[in-house]
Amino acid sequence: MRKFISKNPATKEVVQEFNFLSDEELKQLILQSQQGYEINRNSSYQLKAKKLLKLSDLLNENQEKYARLISQEVGKPICQSRAEIKKSANYCKYYAENIDKYSQPQIVITEAKSSYVQYSPIGTIYSISPFNFPFWLCFKPIIPMLVVGNAVIHRPSDSTGLCGMALQELFILAGFNENIFQNAFTTAQQLEQVMAHPQIQGVSFTGSTAAGSIIGATAGKHLKRSVLELGGSDPFCVLQNANVELAVQLALKSRIANCGQVCFSAKRFIVHFQYYDIFKEKLVNALEKLKIGDPLLETTELGPIAREDLITSLLHQIKMGVDQGAKIVYGGTRLKENENFMLPTVVEVDEKNILVKEETFGPLFALIKANSNDEILRIANNTSYGLGAVVVSNDKQEIEQFVNHLEAGMVFVNEIVKSDQRLPSGGIKGSGYGRECGEWGVQNFANIKTVWIE
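Residue positions are counted from 1 within each chain, in the order its sequence is given. Residue-level local features of this predicted model are given only where pLDDT is at least 70; pairs of side-chain atoms are given and counted only at 80 or more, and the full residue set underlies all totals for whole chains, interfaces and linings. Each side-chain value is worked out from all heavy atoms of the structure, with water and hydrogens disregarded.

**Here's the deal with the overall build of the chain**
Helix numbering and strand numbering both begin at the N terminus, where a helix is a DSSP run of H or I of at least 4 residues and a strand a DSSP run of E of at least 2. Scanning the chain from terminus to terminus reveals 15 helices and 18 strands. Note on method: radius of gyration uses C-alpha positions; expected globular size equals 2.2 Å times residues raised to 0.38. In terms of overall dimensions, the chain is globule-like: its C-alpha atoms have a radius of gyration of 22 Å, near the 22 Å expected for 454 residues. Dimensions of the chain, computed from C-alpha atoms along their principal axes, come out at roughly 65 × 60 × 40 Å. Buried residues in the chain amount to 57% of all 454 residues. Any two residues whose heavy atoms approach within 4.5 Å are treated as being in contact. Here the contacts in the chain between residues at least 6 apart in sequence split such that 73% fall between residues at least 24 apart. With an accessible surface of roughly 18500 Å², the chain has 51% of that area assigned to carbon and sulfur atoms. Charged residues are defined here as Lys and Arg on the positive side and Asp and Glu on the negative side; His and the ends of the chain fall outside this count. Note on charges: their place is set at NZ of Lys, CZ of Arg, CG of Asp or CD of Glu. When the 47 basic and 48 acidic side-chain charges of the chain are each reduced to a single mean position, those positions are 2 Å apart. Only protein chains enter the accessibility calculation, which uses a 1.4 Å probe; a residue whose area is less than 20% of its type maximum is buried, one above 50% is exposed, and one in between is partly exposed. In short, Shrake-Rupley with a 1.4 Å probe defines the accessible areas, and a residue's cover is counted only from the protein chains shown.

Structure representation (structure tokens):
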């Protein structure tokens, strides 16, 4: 029988297994969340802020403990795992410091004696997190849900059960009632049971487009809200007036992070012809020097891919890409047979290749040569995805053209795409809908109530 399995990707050692919840156990969990909802909706914003600050402090105080847990379950280099914990701590602190802004009525001047907008909670939200950022991508949607007064049932990835248990413990230690945030080892088949329950009023999901389509459809069937941050095939646009040295640095920074297992890492590197050869040469030279190895070593820059099925899928995509005419410039194989370590891979492709059309989850750089800025823009938008995009240029007009016309939820110029607690995060087209972070994260699962008093 299938289980939640925590396995060290660097050693392939099974650390712990967790059974899925039975339907009856899940029913009880949802009923308990109703109690948590009543407690949280009636808590003052000052009390919520106090608990969020405590949560931030606990993350900072136990940074090494949680970072090692991430590295052991995901294979992320330890320095990157520490950064994930730090980012999560800062996020909790941000909402604690701004909760009054999101909790107080917003006065709107009308003909009424008094009119305002009030953000009220709606119930329990089902939040489904992926494996690649088991702490950050739990906190990112959930903290705004709790700020507005909702309760949460959180489903971690099948492969990060230990992180899920650690998160549940963290919320309790921070002072949250045990029914406000509950960890749930649910099956995919139990989605219908969850979304059909009247206490559940929404679902948040970060993961694949295929799974997101099913989750969104199930939520819609029951008239429940959904926010989906899904896959991407983000373009990395090196324009006619680019700094090629900066372009190479950003390409590495974006695609090597977490072994390329990031939804909005750059995946399609569309390079102006005048820089194409030098960009390719410098990129390969840099990749040859990368330190690949044990994610718990301070010097490691590239750890293993998180699971065997993920590396098998990536190698299959590479084979299909080569069959369609892709040329491997560097890498393309495992570092060692039967291990999860993958050589970073550079391939030259055209825009019809599967390595461009599909999302690739790993350290793979798909290079496309373009004859002009207009062609770069056309190729960048020729995708079913629309999560993020990177533009490298020093020319104001070029930047303005691409910012205005790129079909993506996030456009970063001379920097890699990343989520920021102050700005909306999310995509369009096959990359999902809805926005997280800032005030937009609060609004997703709030009753935005109009009040008019005469």
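**Considering helix α3 (residues 63–74)**
Structural remark: α-helix, 3.6 residues per turn; residues separated by three or four positions point the same way. A helix is expected to span 1.5 Å for every residue after the first. For α3, spanning twelve residues, the distance from its first C-alpha to its last is 16 Å, which sits close to the expected 16 Å at 1.5 Å a residue. Taken as a whole, α3 has its buried residues at Y66, A67, L69, I70, S71, E73 and V74. On the buried face of α3, the contacting elements are β1 (4–7), α2 (45–61), α4 (78–103) and α6 (161–173). Note on α3: the residue one or two positions beyond its end, G75, has a positive phi of about 90 degrees.

**Quick notes on the sheet that holds strand β18 (residues 446–453)**
The rule for pairing is simple: two strands pair if DSSP sees at least two bridges between them. Read from one edge of the open sheet, three strands run β3-β4-β18, paired in antiparallel fashion. Edge positions in the open sheet fall to β3 (106–107) and β18, since each of these has one partner strand only. Note: strand β4 (residues 114–121) against β18, eight bridges, orientation antiparallel. Residue pairing for β18: S120 is matched across the bridge by N447.

**Overview of the packing of aromatic side chains**
Between the rings of Phe, Tyr and Trp (Trp by its six-membered ring), a pair exists once the centres lie within 6.5 Å; its type follows the angle of the planes, with under 30 degrees stacked, over 60 edge-to-face, and the other angles tilted. Counted according to the given criterion, the structure contains 15 aromatic pairs. Consider the rings of F171 and F176, whose centres lie 5.4 Å apart with planes at 65 degrees: the pair is edge-to-face. Three or more aromatic residues link up through ring pairs in this structure, and these residues are Y91, Y94, Y95, Y102 and W136. Seen from the ring of F131, R307 lies directly overhead, with NZ or CZ sitting 5.1 Å from the centre. For a ring to carry a charge above it, either NZ of a lysine or CZ of an arginine must fall within 6 Å of the ring centroid while also lying within 35 degrees of the normal to the ring plane.

**Thoughts on the sheet that holds strand β6 (residues 151–155)**
Strand order in the open sheet formed by six strands is β7-β6-β5-β8-β9-β17, with mixed pairing between adjacent strands. Edge positions in the open sheet fall to β7 (181–183) and β17 (432–433), since each of these has one partner strand only. By the bridge criterion, five bridges tie strand β8 (residues 200–206) to strand β9 (residues 225–229) in an arrangement that is parallel. What sits directly across from G202, in β9, is R225.

**Here we look at the packing of helix α13 (residues 373–381) against helix α14 (residues 396–405)**
Helix packing geometry: the angle between the two helix axes and the distance between the axes. What counts as an axis is a line fitted to C-alpha atoms, over the stretch in contact for a helix, and the angles between N-to-C directions run from 0 to 180 degrees. Close contact between α13 and α14 brings their axes to 11 Å; oriented N to C, the two are set at 20 degrees. The orientation of α13 relative to α14 falls into the category roughly parallel. For the pair α13 and α14, the crossing hand works out as right-handed. Residues N373, D374, I376, L377 and N381 of α13 pack against E398, Q401, F402 and H405 of α14. Grouping the amino acids of the contact of α13 with α14 by side-chain chemistry returns three nonpolar, four polar and two charged. Put simply, angles under 35 degrees are roughly parallel, angles over 145 are roughly antiparallel, angles from 65 to 115 are roughly perpendicular, and the rest are oblique. Take the far helix as the reference: if the near one is turned anticlockwise from it by less than a right angle, the crossing is left-handed, and if turned clockwise, right-handed. Ten residue types, Ala, Val, Leu, Ile, Met, Phe, Trp, Tyr, Cys and Pro, are classed as nonpolar, four, Asp, Glu, Lys and Arg, as charged, and the remainder, Gly among them, as polar.

**Some points on the domain arrangement of the chain**
Boundaries of every domain are those given by an automatic assignment or by a domain database. Assigned domains of the chain: these are domain 1 (4–230 + 428–453) and domain 2 (234–413). What counts as buried area is the accessible surface, traced by a 1.4 Å probe, that two parts surrender upon association, with contributions from both included. Taken together, both faces of the contact between domain 1 and domain 2 bury some 2400 Å²; the carbon and sulfur share is 55%. When residues of domain 1 are sorted by the area they lose upon contact with domain 2, K12, F131 and K429 head the list and together hold 22% of the total. Each salt bridge in this description consists of a side-chain nitrogen of Lys or Arg and a carboxyl oxygen of Asp or Glu lying within 4 Å of one another. Taken together, the connections running from domain 1 to domain 2 amount to three salt bridges. We note a salt bridge from E308 to K12, for which the minimum N-O separation is 2.9 Å. Polar contacts, as used here, are pairs of N or O atoms within 3.5 Å; protein pairs need one atom able to donate a hydrogen and one able to accept it. Residues neighboring in sequence count only if both atoms are side-chain atoms. Summed over the shared surface of domain 1 and domain 2, the number is 14 residue pairs in polar contact (both at pLDDT 80 or more). Listing elements by their share of the side of domain 1 that touches domain 2, those giving two or more residues are α3 and α4. Of the residues that constitute the side of domain 1 that touches domain 2, the class distribution is ten nonpolar, ten polar and seven charged.

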